[in-house]
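Here are the chains, one letter per residue:
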Amino acid sequence: MRVHRHTCVVCGRVFPEGQGIVVRIGDRSIAFHSSRCAARFYRMLLDRGSKEVASESLKLARELEDLLERRRETSSKKI
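Residues numbered from 1 in each chain as written. Predicted model: local features only at pLDDT ≥ 70, side-chain atom pairs only at ≥ 80, totals over all residues. Heavy atoms only, no water.

Draft legend 1. Focus on the overall build of the chain. The secondary structure content of the chain amounts to two helices and four strands. Taken over the C-alpha trace, the chain has a radius of gyration of 18 Å; the compact-globule value for 79 residues is 12 Å, which it surpasses by more than 25%. The C-alpha extent of the chain, read off along each of the three principal axes, is 60 × 40 × 25 Å. Across the 79 residues that make up the chain, the buried fraction comes to 11%. The contacts in the chain between residues at least 6 apart in sequence include a share of 17% that link residues at least 24 apart. (Helix = DSSP H or I, 4+ residues; strand = E, 2+ residues; numbered from the N terminus. Rg over C-alpha atoms; globule rule 2.2 N^0.38 Å. Buried < 20%, exposed > 50% of the residue type's maximum accessible area, 1.4 Å probe, protein only. Contact = heavy atoms within 4.5 Å.)

See the structure below:
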């Protein structure tokens, strides 16, 4: 049985299927061996200055913050 392996695009480390983070976009995939490499990739992407990526990132962050706030409100005790 052959184990499929991925190579981290940030550091070049090889890791087995089922570990690390693999993001699939269409028919391509981007592999990161750790969350640290994924975060580094994301920071480099934002540093490139794409207004669309930065804008979408902020929009998604706001949506996630709103979702967390709603969860907190529903899970808090109501008297």
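Now that the structure has been shown, we can carry on.
Draft legend 2. A look at the side chain of His-6. By secondary structure assignment, the location of His-6 is in strand β1 (residues 5-7). You can call His-6 buried: its relative accessible area is 9%. Among the polar contacts listed, one links the side chain of His-6 to the side chain of Glu-17, at a separation of 3.0 Å. Those residues in contact with His-6 that sit more than four places away from it in its chain are Arg-13, Val-14, Phe-15, Glu-17, Val-22 and Ala-31. (Polar contact = N/O pair within 3.5 Å; in protein donor to acceptor, adjacent residues only side chain to side chain.)

Draft legend 3. Region of the structure containing the pairing of strand β4 (residues 28-32). One ladder, built from five bridges, connects strand β3 (residues 21-25) with β4; its direction is antiparallel. Residue pairing across strands places Arg-24 opposite Ser-29, the latter belonging to β4. (Pairing = 2+ DSSP bridges.)

Draft legend 4. Examining the nonpolar core more closely. Ranked by size, the top nonpolar core spans seven residues in total: Cys-8, Val-10, Phe-15, Ala-31, Phe-32, Cys-37 and Ala-38. Elements with a contribution of two residues or more to this core: β4 and α1 (35-47). Setting aside residues up to four positions removed in sequence, Val-10 forms contacts with Phe-32, Cys-37, Arg-40 and Phe-41. (Core = buried A, V, L, I, M, F, W, Y, C linked by side-chain atoms within 4.5 Å.)

Draft legend 5. Inspection of the pattern of salt bridges at higher detail. In the structure shown here, the tally under the stated rule is one salt bridge. Among the salt bridges present, the one from Glu-69 reaches Arg-72, with a minimum N-O distance of 3.0 Å. Separated by three residues within a single helix, Glu-69 and Arg-72 lie in helix α2 (residues 51-75), roughly one turn from each other. Since its relative accessible area comes to 36%, Glu-69 is described here as partly exposed. The exposure class of Arg-72 is partly exposed, given its relative accessible area of 49%. (Salt bridge = Lys/Arg side-chain N within 4 Å of Asp/Glu carboxyl O.)

Draft legend 6. Broad picture of the side chain of Ser-57. Tracing the backbone through its elements, the reader meets Ser-57 in helix α2. What makes Ser-57 buried here is its relative accessible area of 17%. Once residues lying within four places of it in the same chain are set aside, the contact partners of Ser-57 are Tyr-42 and Leu-46.

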